[in-house]
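Spelled out, the chains give:
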Amino acid sequence: MQVLHVSTECYPIAKSGGLGDVVGALPKYLNKAGIDSSVILPKYDNKWISKQIWITCFKGVIQLDTDLIAFKIQQLKTPLAFPLYVVDIPGKYDRPGIYLDHNGMGYEDAAQRAICFQRAILQWLITLEKLPKVIHCHDHHTGLIPFMLQHCPEFSVLKKVPSVFTIHNGEYPGSFDWELVNLLPLFDGRVGGLLDWDQQINPLATGIKCCWKLTTVSPGYLEELQIYTKGLSHLLQQEMPKSHGILNGIDTQVWNPATDTYLAHPLKKSARVFKATNKKWLCTHFNVPPTLPLITFIGRLAREKGADFLAPTIEHYLSSGGKAAFIVLGTGDPTLHKILSDLGEKYKGIIAIALEYNEQLAHQLYAGSDFIWMPSRVEPCGLNQLYAMRYGTIPIVRAIGGLKDTVVDISNPNGSGIQFNQLSLADTTQAIQRAVSLYNNKEAFAFIREAIMDLNFSWEKSAEDYFSLYKKIARFQEFDD
Ligand code: GLC
């Protein structure tokens, strides 16, 4: 094992958003490029995990303050495109939800869980004969690892193992009270400041401070984080010398319109026929008119994604005579569920609302829609616009983070979508109007639609960038004697 990816999500094992997609794909492409990469995540109580055969490779006990927590490290018997490990911590992770309970509420013992997960991994690693060359941590749930590697005597064997910390989403710091400090293994009190941000233990800030290399999932997001990161911008500015923005890729094996088993009508020869047959299927399924441009939102119904702008914009656009059909797929804020359902009722036959998480439907929507709409407030990279383009669906995006880096406005010769700047009713509505005008210009619309299907956002390039980064902090085979 050269690189160990530590994450709370990994597709197809457990996914709640883009983090899962990335951790399910990057190691596969690193392995293809000859860099041995494994993934470790918590053992949740879900269908995928319970169907597999697991081999226990380590058993241990964590002294969590006054409690003793038993855990196991298990390896998947038949590896995926990479070796997969889980940390089995009964009582902590044997629950179906990754972050939320059955009422949609965050777990109250989130900090305890995350600490157990991270400590268990390090307790296992110190027993290995061959240590990983790099530990690659993803998001705040793993942000204490770079600190523990360096500053906890219990793990001193790992002191020289370099860590990479990737911020997929800086909106969630995972902070908890200093009262819980005893849950951490012993460390030299003089370095306690590394854990602190605003008088709390802040795993996101700790990861940023202690990792050897910091990455964000797009160059644009790295720039934005220095201006606004929930109070961490100064820290980001300070840590710029070790920071890199590396754009995510997409798994072109999973996201291939020609072989996608979720689609009733995969791509054969003609992009036009592919789009037409899938749109027809969708419009029948959702009872919306196939003659209108079809604009779709897929994602978490959260402020972060600008989901509070969906209903007002649609209402504003339709009530002023606009002609388009809309589909929304996602779950999230219960208030938005209600607002969107009401809107769906009011404009039955033009708007369809699916309040669910549905991977297959998402694929069908990318294939059959004309436009994908992403009015995000924050978008560290965004994968939906990349999936959409590969399936010939033109993105309408707010010009921020990874959206700005991957979608070129159609006012440019190589335009691939529609950008807008402000999250205001005027700007979001104007973006919809521009999309509909494009749709009505049949020739330009068909041209862009076909051109975006050929754009290359595959992981190969990004995997190379990560490899170059790893080589800056660790010695790999080709450099070994
Ligand atoms: C998070 C971000 C998203 C990014 C994904 C994968 O979900 O919100 O923008 O694409 O992580 O890195």
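Fair warning: this is a prediction, and the values are worked out from it, not measured in the lab.

### Digging into the pairing of strand β3 (residues 54-64)
Judged from the 10 bridges that link them, β3 and strand β4 (residues 67-76) form a sheet pairing that is antiparallel. Of the residues in β4, the one forming a bridge with Q63 is L68. From the end of β3 to the start of β4, which pair antiparallel, there are 2 residues, and D65 there has a positive phi angle of about 55°.

### Quick word on the packing of aromatic side chains
By the definition in use, this model includes 17 aromatic pairs. Ring geometry for W255 versus Y391: centroids 6.0 Å apart, planes at 70°, classification edge-to-face. With a gap of 136 residues between them, W255 in the loop between β11 (243-245) and α8 (271-286) and Y391 in the loop between α12 (384-390) and β16 (394-398) connect regions that are remote in the sequence. Considered together, W255 and Y391 belong to a single accessibility category, that of buried residues. In this structure an aromatic cluster arises from ring pairing among W255, F274, Y366, Y387 and Y391. In this structure, K133 is placed above the aromatic ring of F476, and the distance from its NZ or CZ to the ring centre is 5.7 Å. The side chain of K442 reaches across the aromatic face of Y439, ending 3.8 Å from its centre.

### As for the domain arrangement of the protein chain
Each domain of the protein chain was delimited in the assignment, giving domain 1 (3-249 + 460-480) and domain 2 (271-456). Centre-to-centre separation of domain 1 and domain 2, based on C-alpha positions: 33 Å. A combined buried area of about 1300 Å² lies between domain 1 and domain 2, and 54% of that area is made up of carbon and sulfur atoms. Together, K15, E224 and L247 form the three largest contributors to the area buried by domain 1 at its contact with domain 2, with a combined 27%. There are 1 salt bridge connecting domain 1 and domain 2. Across the salt bridge formed by E359 and K15, the nearest N and O atoms sit 3.4 Å from each other. Our count for the domain 1 to domain 2 interface comes out at 9 residue pairs in polar contact (both at pLDDT 80 or more). Counting only elements with at least two residues in the side of domain 1 that touches domain 2, the list comes to α1 (18-32) and α6 (219-225). Counting residues per element, the side of domain 1 that touches domain 2 draws most heavily on α6, which supplies 4 residues. Here the residues of the side of domain 1 that touches domain 2 are counted per class, giving 7 nonpolar, 8 polar and 4 charged.

### Focus on the site of the ligand
Around the ligand there are 13 residues in total, and H168, N248, E379, C381 and G382 lie nearest to it. One of the side-chain N or O atoms of K305 is found 3.4 Å from an oxygen atom in the ligand. Take P380: an N or O atom from its main chain is 3.4 Å from an oxygen atom of the ligand. Here the ligand, which alone exposes 310 Å², has 92% of that area covered by the protein. In terms of residue class, the shell around the ligand is built from 6 nonpolar, 5 polar and 2 charged. Each of domain 1 (3-249 + 460-480) and domain 2 (271-456) contributes no fewer than three residues to the shell around the ligand.

### With respect to the packing of helix α14 (residues 425-440) against helix α15 (residues 442-453)
Interhelical geometry of α14 versus α15 gives an angle of 100° and a closest axis separation of 5 Å. Viewed along their axes, α14 and α15 adopt a mutual orientation that is roughly perpendicular. Here α14 contributes L438, Y439 and N440 to the contact with α15, which in turn contributes K442, A444, F445 and I448. Here the residues of the contact of α14 with α15 sort into 5 nonpolar, 1 polar and 1 charged.

Reading guide: rules and limits
Residues numbered from 1 in each chain as written. Predicted model: local features only at pLDDT ≥ 70, side-chain atom pairs only at ≥ 80, totals over all residues. Heavy atoms only, no water. Pairing = 2+ DSSP bridges. Helix = DSSP H or I, 4+ residues; strand = E, 2+ residues; numbered from the N terminus. Phe/Tyr/Trp six-rings, centres within 6.5 Å; stacked < 30°, edge-to-face > 60°. Buried < 20%, exposed > 50% of the residue type's maximum accessible area, 1.4 Å probe, protein only. Lys NZ or Arg CZ within 6 Å of the ring centre and 35° of its normal. Domains from an automatic or database assignment. Buried area = accessible area lost by both parts, 1.4 Å probe. Salt bridge = Lys/Arg side-chain N within 4 Å of Asp/Glu carboxyl O. Polar contact = N/O pair within 3.5 Å; in protein donor to acceptor, adjacent residues only side chain to side chain. Nonpolar A, V, L, I, M, F, W, Y, C, P; charged D, E, K, R; others polar. Near = heavy atom within 4 Å. Areas by Shrake-Rupley, 256 points an atom, 1.4 Å probe, with all protein chains shown as cover. Axes fitted to C-alpha atoms, helices over the stretch in contact; angles between N-to-C directions. Parallel < 35°, antiparallel > 145°, perpendicular 65-115°, else oblique. Contact = heavy atoms within 4.5 Å.

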